[in-house]
Amino acid sequence: MQLAFLQTFLWIVLELTVLFVVISLAINALQSWIPYERIEHYLRTSSSIKGGTIAVLFAFITPFCSCSTIPVVVNMLKNKVPFGLTMVFLFASPLLDPTILTIMGVILGWKVTFIYMAVTSVFSILIGFSLEKLGFERYVKKVMMEGFNQHVKEAWNLKGAWLETKKLMKSVLPYLLIGAAIGAGIHGLVPTEMIAAYFGHDAWWLIPVAAVIGIPLYIRLSSMIPISQVLLVKGMALGPIMALLISSAGASLPEVVLLKSIFQMQLVIVFIASVLSMATLSGFIFYLL
């Protein structure tokens, strides 16, 4: 049993590591050609529909986790990007990491990945604009962050692509190893019949439960993908898996603490509730598929 666990663990780690390094290197090499100032200009001057689309695309090409999204949000607010578009980016950015999405497509299938991208993009746009219409901009604190644009220029250049890939790999590797270990453990120790019986397609009630559990767990996408793969093979329904994935990646406790420094408590609470709603509704969409 120990040998089977080790073999499964090493295979998962090797597969994900190779995918992550290759894809990250390619994406980081392309970062030097991304016109960040022009994108922010388009966000400031575009109509709602066009601006929402650009905000989602901007979230897609900035592969940040939930915590490292916050400096970008501060910079957008400082540069007078509309509040609704800034919130669209805040919700979408940690969920639309291009590296992780590519790995998700290889591991979980492209149909699941494209539906995930469409659902999270639409909900991010709807929630961002709804918060703007409801006047939640008044709960933004006056926070300034100097030197961010220069940091972006220095961090994303062609020469630094490999260094940035290694940096990202170091930050992601612990979560990848944790996810691989949990996945290998589930694969070898938990009976398929039990998961299929108790957590299968009929267990709709797991979706809101998984959404609530996800936030304090702070399971990054890089950890959830190998776990999801094993759980799906074992017979667990896709709905609660996606709800857990979205809530844990979209509103982690570290991110909430950082948001408290730029948002008043009313907006922080609404942000958490919005992510929970997105995770739950997205889970039910996958449940119905």
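Starting afresh in each chain, residues are numbered from 1 along the sequence in its written order. Whole-chain, interface and lining totals are the exception, using all residues; otherwise, since this is a predicted model, local features are given only for residues with pLDDT of at least 70 and side-chain atom pairs are given and counted only at 80 or more. The side-chain quantities take in all heavy atoms of the structure and omit both hydrogens and water.

On to the side chain of S274, then. Locating S274 in the fold gives a position in helix 15 (residues 265–288). In this view, S274 contacts F91 and I127; residues no more than four positions away in its chain are not counted. Put simply, DSSP marks the helices as runs of H or I at least four residues long and the strands as runs of E at least two long, and each gets a number from the N terminus on. Residue contacts are counted whenever heavy atoms from the two residues lie within 4.5 Å of one another.

Fitted lines through C-alpha atoms give the axes, limited to the stretch in contact for helices. The angle between two N-to-C directions lies from 0 to 180 degrees. Between helix 6 (residues 98–108) and helix 7 (residues 110–133), whose axes approach to 7 Å, the crossing angle comes to 140°. The orientation of helix 6 relative to helix 7 falls into the category oblique. Mapping the contact onto sequence places L101, T102, M104, G105, V106 and L108 in helix 6 and W110, V112, T113, Y116 and M117 in helix 7. Polar here means any residue outside two lists: the nonpolar Ala, Val, Leu, Ile, Met, Phe, Trp, Tyr, Cys and Pro, and the charged Asp, Glu, Lys and Arg; Gly therefore counts as polar. Tallied by class, the residues present in the contact of helix 6 with helix 7 amount to eight nonpolar, three polar and no charged. Throughout this description, any angle smaller than 35 degrees is read as roughly parallel, any larger than 145 degrees as roughly antiparallel, any in the 65 to 115 degree range as roughly perpendicular, and the remainder as oblique.

A general trend in soluble globular proteins is that nonpolar side chains are found buried together. In this structure, L43, L90, F91, Y116, L131, L259 and F263 are the most contacted members of the largest nonpolar core, which totals 72 residues. Among the elements that line this core, the one with the most residues is helix 15, at nine residues. If we skip the residues at most four places from it in the chain, L259 touches I70, L90, V268 and F271. Within this scheme, the nonpolar core is defined by two criteria: the residues are buried Ala, Val, Leu, Ile, Met, Phe, Trp, Tyr or Cys, and they are joined through side-chain atoms within 4.5 Å. Throughout, exposure labels follow a simple rule: accessible area from a 1.4 Å probe, protein chains only, divided by the maximum for the residue type, with under 20% read as buried, over 50% as exposed, and the rest as partly exposed. Core analysis: the next-biggest nonpolar cluster, separate from the first, contains five residues, I12, V13, A180 and A184 among them.

Bear in mind that shape data such as this cannot, by itself, settle questions of function.
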